[in-house]
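Read off the chains here:
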Amino acid sequence: MLHLLFWSYFFLHNFGFAKNEEILFTVIDKNKKQEEYVINYSNFNVHDLTFLPVKSSFVQKNIKLIFSDTLFESDSIYYIHYNKCSSRELEEKLGNSKKAKFYPSFDSFKARILKTINEKQFTKLVFDVRFNGGGSSIQGSELIEEMKQLLKNKPNIKPIIVIGRKTFSSAIFNVIDFLRIKNSLIIGEETS
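Residues numbered from 1 in each chain as written. Predicted model: local features only at pLDDT ≥ 70, side-chain atom pairs only at ≥ 80, totals over all residues. Heavy atoms only, no water.

Engineer: What exactly am I supposed to notice about a nonpolar patch on the surface here?
Structural biologist: Among the surface-exposed residues, Phe173, Ile176, Leu179 and Ile186 lie close enough to one another that they form a single nonpolar patch of about 370 Å² accessible area. Looking at where Ile176 falls in the secondary structure, it is placed in helix H7 (residues 170–178). Judged by its relative accessible area of 41%, Ile176 falls in the partly exposed class. (Patch = residues over 30% accessible without salt bridge, like charges linked within 9 Å, V, L, I, M, F, W, Y side chains within 5 Å. Areas by Shrake-Rupley, 256 points an atom, 1.4 Å probe, with all protein chains shown as cover. Salt bridge = Lys/Arg side-chain N within 4 Å of Asp/Glu carboxyl O. Helix = DSSP H or I, 4+ residues; strand = E, 2+ residues; numbered from the N terminus. Buried < 20%, exposed > 50% of the residue type's maximum accessible area, 1.4 Å probe, protein only.)

Structural data, given as structure tokens:
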């Protein structure tokens, strides 16, 4: 209850309705029982309060995956999450065979993407790297180059690259690779 009252006070204060550090709230429940609460703005740290959504968004559901793709046929969108510049193949190249077992195959992912671009109908290709902190840009660069070749024959597909404050290092190199694809659009926040 206090958090709800605090947020009520927070909005009243920020919009100029509450001028003091303290405000008195009178709460009456359905049985007509009345309670009073004094909320002091200085007792709360807004940054410590978090509220989780009841339902997670599509992006939030896929944030822990290294990479994934989804075709939204009804919206004509092919959505690719690329959350880490790593894979089973890269870990094996680095000699980390034990670690490699825990990573998905980028070769399979790449084949699926290229097949989808070749065979499916959509008008927007979203390549989301807003949570990608880097790794090795090689596999992403190779994928983007092959995508570029396919997209030359599909001028109706608009590449949209989503960046954010967690986009860093090799992921930024991959964003730059997209600049060589005609009509690419980069949206989001400033990168790291």
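Moving on from the coordinates now.
Engineer: Even after reading the chapter, I still don't get the layout of surface pockets, so can you show me in this structure?
Structural biologist: Where empty space is left becomes clear once a probe the size of a water molecule has been rolled over the atoms. The space that makes up the largest pocket amounts to roughly 170 Å³. Surrounding the largest pocket, Lys148, Leu151, Lys152, Lys154, Pro155, Ile157, Pro159, Arg180, Ile181, Lys182 and Asn183 form its lining. Among the residues making up the lining of the largest pocket, the classes are represented as 5 nonpolar, 1 polar and 5 charged. (1 Å grid on protein atoms, 1.4 Å probe; cavity = no way out; pocket = protein on both sides within 12 Å on 5 of 7 lines; lining within 4 Å. Points joined across faces, edges and corners; volume = space filled by probe spheres on them. Nonpolar A, V, L, I, M, F, W, Y, C, P; charged D, E, K, R; others polar.)

Engineer: Would you mind showing me how to read the sheet that holds strand S7 (residues 185–188) here?
Structural biologist: Strand order in the open sheet formed by 5 strands is S3-S4-S5-S6-S7, with mixed pairing between adjacent strands. On the outer flanks of this sheet lie strand S3 (67–72) and S7, each paired with one strand and no other. Put simply, the sheet's adjacent strands are angled 20° from each other on average, direction ignored. With 5 bridges joining them, strand S4 (residues 77–82) and strand S5 (residues 124–128) adopt parallel strand pairing. Across the sheet, the residue bridging to Tyr79 is Val126, located in S5. Strands S4, S5, strand S6 (158–163) and S7 of the sheet are contacted by H7, whose axis makes an angle of about 155° with S6. (Pairing = 2+ DSSP bridges. Axes fitted to C-alpha atoms, helices over the stretch in contact; angles between N-to-C directions. Contact = heavy atoms within 4.5 Å.)

Engineer: Help me out: how do you make sense of the environment of Lys98 in this one?
Structural biologist: Secondary-structure assignment places Lys98 in helix H4 (residues 97–100). When its relative accessible area of 67% is taken as the criterion, Lys98 is described as exposed. Considering only alpha carbons, one finds Lys98 and Arg88, 10 residues apart in sequence, at a separation of 9.9 Å.

Engineer: Hey, could you run me through the pattern of salt bridges in this one?
Structural biologist: It is possible for side chains of opposite charge to pair when their charged atoms get near one another. For the structure shown, the criterion picks out 6 salt bridges. One salt bridge connects Lys33 with Glu35, and the closest N-O pair in it is separated by 3.7 Å.

Engineer: Looking at this model, I keep getting lost on the side chain of Lys154. Mind explaining?
Structural biologist: Looking at the element boundaries, Lys154 is found in the loop between helix H6 (138–151) and S6. Although Lys154 is buried, it makes no salt bridge; Glu119 carries the closest opposite charge, 9.4 Å away. A distance of 3.3 Å separates a polar atom in the side chain of Lys154 from the backbone oxygen of Asn118. Excluding its chain neighbours within four sequence positions, the residues that come into contact with Lys154 are Ile117, Asn118 and Lys120. (Lys, Arg positive; Asp, Glu negative; His and termini not counted. Polar contact = N/O pair within 3.5 Å; in protein donor to acceptor, adjacent residues only side chain to side chain.)

Engineer: Help me understand the packing of helix H5 (residues 106–119) against H6, please; the structure alone is not making it clear to me.
Structural biologist: Geometrically, a packed helix pair is captured by the angle between its two axes and the distance between the axes. One way to put it is that H5 packs onto H6 with a least axis distance of 10 Å and a crossing angle of 15°. When the axes of H5 and H6 are compared, the pair comes out roughly parallel. In the crossing of H5 with H6, the sense of the turn from one axis to the other is right-handed. Each of Phe106, Lys110, Ile113, Leu114, Ile117 and Asn118 in H5 lies in contact with H6, whose residues at this interface are Gln139, Gly140, Glu142, Leu143, Glu146, Met147, Leu150 and Leu151. Tallied by class, the residues present in the contact of H5 with H6 amount to 8 nonpolar, 3 polar and 3 charged. (Parallel < 35°, antiparallel > 145°, perpendicular 65-115°, else oblique. Left-handed = near helix turned anticlockwise from the far one by under 90°.)

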